[in-house]
Amino acid sequence: MGAINPATGTNEGTKALDIATLRREHPDHWMKACAIRTLTLDAVAAANSGHSGMPMGMADVATVLFEKHLKFDPRNPDWPDRDRFILSAGHGSMLLYSLLHLTGYADMTLEQVKNFRQWGAITAGHPEYGHATGIETTTGPLGQGIANSVGFAIAEEIQRAQYGKKLVNHHTYVIAGDGCLMEGVSQEAIGLAGRHELSKLIVFWDNNNITIDGTVELSDRTNQPLRFKASGWHVQEIDGHDPAAIDAAITAAKRAGKPSMIACKTHIALGSSAQDTSKGHGALTDAQLIADTKKSYGWTSPAFKIPAEIKTAWETIGARGSSEFAAWQARFAGVSSNKQAQFRRVYALDPPKRLSATVKALKRAASEEKPKLATRKSSENVLSALNPLMSETVGGSADLTGSNNTLTADMGVFDPENREGRYIYYGVREHGMASAMNGMALHGGVRPYGGTFFCFTDYARPAMRLAALMKIPTAFVMTHDSIGLGEDGPTHQPVEHLAICRATPNTVTLRPADTVETAEAWEIALTSKTAPSVLVLTRQGLPTVRAEHKNKNQTALGAYVLADAVGKRQAILIATGSEVSLAMEARDILQAEGIGTRVVSMPSMELFRAQESVYRRRVLPGGPVRVGVEAGVRTGWDEWLLGERGREAKAAFVGMDSFGASAPADRLYKEFGITADAIAQKVRGLL
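In this text, all values refer to a predicted model and were calculated from it rather than measured experimentally. (Residues numbered from 1 in each chain as written. Predicted model: local features only at pLDDT ≥ 70, side-chain atom pairs only at ≥ 80, totals over all residues. Heavy atoms only, no water.)

Enquirer: Any chance you could break down the overall build of the protein for me, citing the residues and the numbers?
Expert: A count of helical and extended segments in the protein gives 27 helices and 18 strands. The C-alpha radius of gyration of the protein comes to 28 Å, within 12% of the 26 Å expected for a compact globule of 687 residues. For the protein, the C-alpha atoms occupy an extent of roughly 95 × 55 × 45 Å along the three principal directions. Burial status across the protein gives 62% buried among its 687 residues. Long-range pairs, those at least 24 residues apart, make up 78% of the contacts in the protein with a sequence separation of at least 6. Summed over all atoms, the accessible surface of the protein reaches about 24,800 Å², with 51% contributed by carbon and sulfur. Between the mean site of the 74 positive side-chain charges and the mean site of the 72 negative ones, the protein shows a separation of 5 Å. (Helix = DSSP H or I, 4+ residues; strand = E, 2+ residues; numbered from the N terminus. Rg over C-alpha atoms; globule rule 2.2 N^0.38 Å. Buried < 20%, exposed > 50% of the residue type's maximum accessible area, 1.4 Å probe, protein only. Contact = heavy atoms within 4.5 Å. Areas by Shrake-Rupley, 256 points an atom, 1.4 Å probe, with all protein chains shown as cover. Lys, Arg positive; Asp, Glu negative; His and termini not counted. Charge placed at Lys NZ, Arg CZ, Asp CG, Glu CD.)

Encoded structure:
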């Protein structure tokens, strides 16, 4: 095996050890690692689908990590100070499931392993957060795990500064493959980690040189170690099958003082006839291939059978963390009761007691003072009042801080010199920012929010979708929400993005009309425990439409009657965000003509849909004509215009059916026909 050169941080010989040498020189390690390999072969064969090769290739790395370095306790899987293990190469999920079963996680039974990829099993095709304890994040879309890991590491740094090393002092370990490193988000992630010197982050690169199409050289010639070094990482190159080299590399990485990448030269589908081929990446199900592979391992037990001495050895590894957990409990008991209460509160995602009263005070002041503000500025004002109450909020922006209005005076900037800082300059990395925020939310004890232009949800979308899938309360602050941003033109003017966000399951899209609704929207986002929020905010100033103070959070209803008809109700105008004030102007026009008009503000379609039918019927009764008003496309609006007792002959929409243009906002609204007069004319045409 090669020795690590301290001058270069690399291994001078990275040719992988052969199986015979491994079996001879490291017999105990070899058999523990083969328990992972054989469980993988058996589970994939039983499912007749899956990915065998990566777990077979990385079993040695995983065995050394879990046996000698990872701080964890299967009996207390949610221990806040555990090390986090992230399988970014999520297609190799049987590596993780095998480890969880072998080390004694109660829910990862052998029956679950046998039901790999089957309906109702917690052993999904790719690891899914919430399905089983020990799964730290949902992976499968390549690159997401390594990008999440940056958020995990940032959360650990901030909390170590806040609570001290006695309570928070752990590592984040990642296994990433060639595909993870090809995805563009990986560069966003490693650049951010290098800039912030996240020394508790250690990434193992499974350097097996195989993709589905063939060898890596078909599509890439990147020198990955040099790439990481250029981004400020500590880098080592080792034989990924040599347990001594793996152990030494992890030890060196933990002392490096910067994020560390360990390039592990491995054989995909080790020991099989598919070794080092694209076939080895996928499902190895041929009975003879499996039998021959197990023979090469020296494994004689039948399918799914782990010899007692090997299972006991793995359970001993799992039990190792119990004493560390007990010591942590003792340290936790020794801190002040206030610190204990605060720590428990933020990990439970419970809001501070003063949050509700503070929001109510903000709303009352806005209703009385009636400011005309862009809702991005309203958002800043709300955050300025709420962030000092919530040490768990961590804000940021993708190089648009002054435009997104996401920084408040109390936060401090997070960097290597100020680990207590709670504001992050992400640079032009929308995808990396969104993925890192997910990692913070998954780590626990953090409520992350971050901003960019709404149009650039296109860059953040994969992470936004995963936040919804994982049911985590990441808050995405999306400003410049329509043609109302003006002169930057159609490249920056979102028209379809509201529909995209609303089409995503388990996502709460919030488009507030004024400061009052913005305060309510933030209250929703900062108290959510099971869904991400998308706060959709304007560049242009908006008048206050909620002039009458109400303690109740009206935005939480999804939609409500802002102004009712005077006289016989003949029309209902349903509007969101910046178009609510236009609907109010149109109401004045129509009322002056004797046409009784109700205005419904609908800041969140998702929340309105969740209300009882009796409430929805009160807000949207049958009979009157309906006009929807929004500076976006109509997609999604027919649920409220034609459904809920509506009729096609009595419904219309005022909005966008094309991309925007470059011009001042007022001119754009006129040119695209989104005006109070146009709304009134739609009503007249339906009556």
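Enquirer: Got a sec to walk through helix α4 (residues 93-103)? Specific residues and values, please.
Expert: Of all 11 residues making up α4, 11 are buried, and the element is well covered by its neighbours. Turning to α4, its buried residues number three or more, namely Ser93, Met94, Leu95, Leu96, Tyr97, Ser98, Leu99, Leu100, His101, Leu102 and Thr103. Packing partners of the buried residues in α4 comprise α2 (27-47), α3 (53-68), β3 (84-87), α5 (110-114), β4 (172-177) and α12 (308-319). Note on α4: the residue one or two positions beyond its end, glycine 104, has a positive phi of about 100°.

Enquirer: A description of unusual backbone geometry should follow, citing residues and the corresponding values.
Expert: Notably, phenylalanine 304 is not glycine yet its phi reads approximately 65°, a positive angle. Looking at the element boundaries, phenylalanine 304 is found in the loop between α11 (287-297) and α12. Given the relative accessible area of 14%, phenylalanine 304 is considered buried. Look at lysine 471: it is not a glycine, yet its phi comes out positive at around 60°. Inspection of the secondary structure puts lysine 471 in the loop between α19 (457-470) and β11 (475-479).

Enquirer: Outline the nonpolar core, listing residues and values.
Expert: Counting residues in each nonpolar core, the largest one holds 67 residues, and the members touching the most others are Phe66, Phe85, Phe204, Ile262 and Trp314. Tallying contributions element by element places α2 first for this core, with 10 residues. Those residues in contact with tryptophan 314, other than ones at most four positions away along the chain, are Lys32, Ala35, Ile36, Thr63, Phe66, Leu99, Leu102 and Thr103. With 54 residues, the next largest nonpolar core counts Val174, Phe414, Ile424 and Val534 among its residues. (Core = buried A, V, L, I, M, F, W, Y, C linked by side-chain atoms within 4.5 Å.)

Enquirer: Which residues make up empty space enclosed by the protein, and what values go with them?
Expert: Counted according to the given criterion, the structure contains 3 cavities of 30 Å³ or more. Computed from the structure, the largest cavity encloses a volume of approximately 90 Å³. If you trace the largest cavity, you find it lined by Phe66, Leu70, Phe72, Pro77, Arg82, Asp83, Phe85, Leu100, Tyr105, Gly134 and Glu136. Looking at the lining of the largest cavity residue by residue, the classes come out as 7 nonpolar, 1 polar and 3 charged. (1 Å grid on protein atoms, 1.4 Å probe; cavity = no way out; pocket = protein on both sides within 12 Å on 5 of 7 lines; lining within 4 Å. Points joined across faces, edges and corners; volume = space filled by probe spheres on them. Nonpolar A, V, L, I, M, F, W, Y, C, P; charged D, E, K, R; others polar.)

Enquirer: Just give me the short version of helix α10 (residues 243-254), but keep the residues and values in it.
Expert: Over its 12 residues, α10 extends 17 Å from the first C-alpha to the last, a length consistent with the 16 Å expected when each residue adds 1.5 Å. Of the positions making up α10, those classed as buried are Pro243, Ala245, Ile246, Ala249, Ile250 and Ala253. Mapping the buried residues of α10 onto a view down its axis gives an arc of 160°, with all of them on the same face. The backbone nitrogen of alanine 244 lies 3.0 Å from a side-chain oxygen of the residue at the head of α10, namely aspartate 242. (Expected span 1.5 Å × (residues − 1). Arc of directions from axis to C-beta. Polar contact = N/O pair within 3.5 Å; in protein donor to acceptor, adjacent residues only side chain to side chain.)

Enquirer: Summarise the environment of glycine 120; cite the residues concerned and give the values.
Expert: In this fold, glycine 120 is placed in the loop between α5 and α6 (144-163). Relative accessible area serves as the criterion here: at 66%, glycine 120 is assigned to the exposed category.

Enquirer: Before we move on, could you go through the confidence of the model for the protein and cite the residues and values that matter?
Expert: A residue-level look at the protein finds 98% of positions with pLDDT of 70 or above and a mean pLDDT of 97. Low pLDDT, under 50, characterises residues 1-13; the stretch is placed with 28 contacts to residues that sit more than four places away or in other chains. (pLDDT = per-residue confidence, 0-100.)

Enquirer: How would you explain the sheet that holds strand β8 (residues 393-397) if you had to name every residue and give the values?
Expert: On the basis of which strands lie adjacent, the open sheet formed by 6 strands has the order β9-β8-β10-β11-β13-β12 and parallel pairing. Only two strands of the sheet have a single partner each, and these edge strands are β9 (423-425) and β12 (508-510). With strand direction ignored, the average angle separating the axes of adjacent strands in the sheet is 20°. Where β11 and strand β13 (residues 533-536) come together, 4 bridges link them in parallel fashion. Within the sheet, the bridge partner assigned to phenylalanine 476 lies in β13 and is valine 534. Together, β8, β9, β10 (447-453) and β11 form the strand contacts of helix α18 (residues 430-443), whose direction differs from that of β10 by roughly 165°. (Pairing = 2+ DSSP bridges. Axes fitted to C-alpha atoms, helices over the stretch in contact; angles between N-to-C directions.)

Enquirer: Residue-level account of the sheet that holds β4, with values.
Expert: Ordered by their spatial adjacency, 5 strands build an open sheet running β3-β4-β5-β7-β6, and the pairing between neighbours is parallel. Of all strands in the sheet, those with a lone pairing partner are β3 and β6 (234-239), marking the two edges. Each strand of the sheet is rotated relative to its neighbour by a mean of 20°, with strand direction disregarded. Strand contacts of α10: β4, β5 (201-207), β6 and β7 (260-265), with the helix running at about 175° to β6, the strand carrying the most contacts.

Enquirer: Pulling in residues and values, what's your account of the pattern of salt bridges?
Expert: Counted under the stated rule, the structure contains 29 salt bridges. Close ionic contact of glutamate 136 with arginine 82 constitutes a salt bridge, the shortest N to O distance being 2.9 Å. Note that glutamate 136 is positioned in the loop between α5 and α6 and arginine 82 in the loop between α3 and β3, a separation of 54 residues in sequence. With respect to class, glutamate 136 is no different from arginine 82; both count as buried. Measuring nitrogen to oxygen at the nearest pair gives 2.8 Å for the salt bridge that ties arginine 616 to glutamate 644. With arginine 616 in helix α24 (residues 613-619) and glutamate 644 in the loop between α25 (638-641) and β18 (651-654), the pair connects residues that are 28 residues apart, well separated along the chain. Residues arginine 616 and glutamate 644 agree in their burial class; the two are buried. When salt bridges with common partners are traced through the structure, they connect Glu156, Glu157, Arg160 and Arg419 into a single cluster. (Salt bridge = Lys/Arg side-chain N within 4 Å of Asp/Glu carboxyl O.)

Enquirer: Any chance you could break down the packing of aromatic side chains for me, citing the residues and the numbers?
Expert: Counted according to the given criterion, the structure contains 21 aromatic pairs. With 6.2 Å between their ring centres and 70° between their planes, phenylalanine 608 and tyrosine 615 make a pair best called edge-to-face. Side by side, phenylalanine 608 and tyrosine 615 carry an identical accessibility label, which is buried. By way of ring pairs, the aromatic residues Trp79, Tyr163, Phe325, Trp328, Phe332, Phe343 and Tyr347 are connected into one cluster. Looking at arginine 37, its charged tip hangs above the ring of tyrosine 297, at a distance of 5.9 Å from the centre. (Phe/Tyr/Trp six-rings, centres within 6.5 Å; stacked < 30°, edge-to-face > 60°. Lys NZ or Arg CZ within 6 Å of the ring centre and 35° of its normal.)

Enquirer: Which residues make up the packing of α4 against α12, and what values do they have?
Expert: As a packed pair, α4 and α12 sit with axes 7 Å apart at the nearest point and diverge in direction by 90°. As judged from the angle between their axes, α4 and α12 are roughly perpendicular. Listed contacts from α12 to Leu99, His101, Leu102 and Thr103 of α4 are Lys311, Trp314, Glu315 and Gly318. In the contact of α4 with α12, the residues fall into 3 nonpolar, 3 polar and 2 charged. (Parallel < 35°, antiparallel > 145°, perpendicular 65-115°, else oblique.)

Enquirer: Can you break down the packing of helix α22 (residues 579-592) against helix α27 (residues 676-686) residue by residue, with the values?
Expert: Packing of α22 against α27 brings their axes to within 8 Å, and their N-to-C directions diverge by 55°. With respect to α27, the element α22 is oriented oblique. Of the two possible hands of crossing, α22 and α27 adopt the one that is right-handed. Of the residues in α27, those touching α22 at Leu582, Ala583, Glu585, Ala586, Ile589 and Leu590 are Ala676, Asp677, Ile679, Ala680, Val683 and Arg684. Broken down by class, the residue content of the contact of α22 with α27 amounts to 9 nonpolar, no polar and 3 charged. (Left-handed = near helix turned anticlockwise from the far one by under 90°.)

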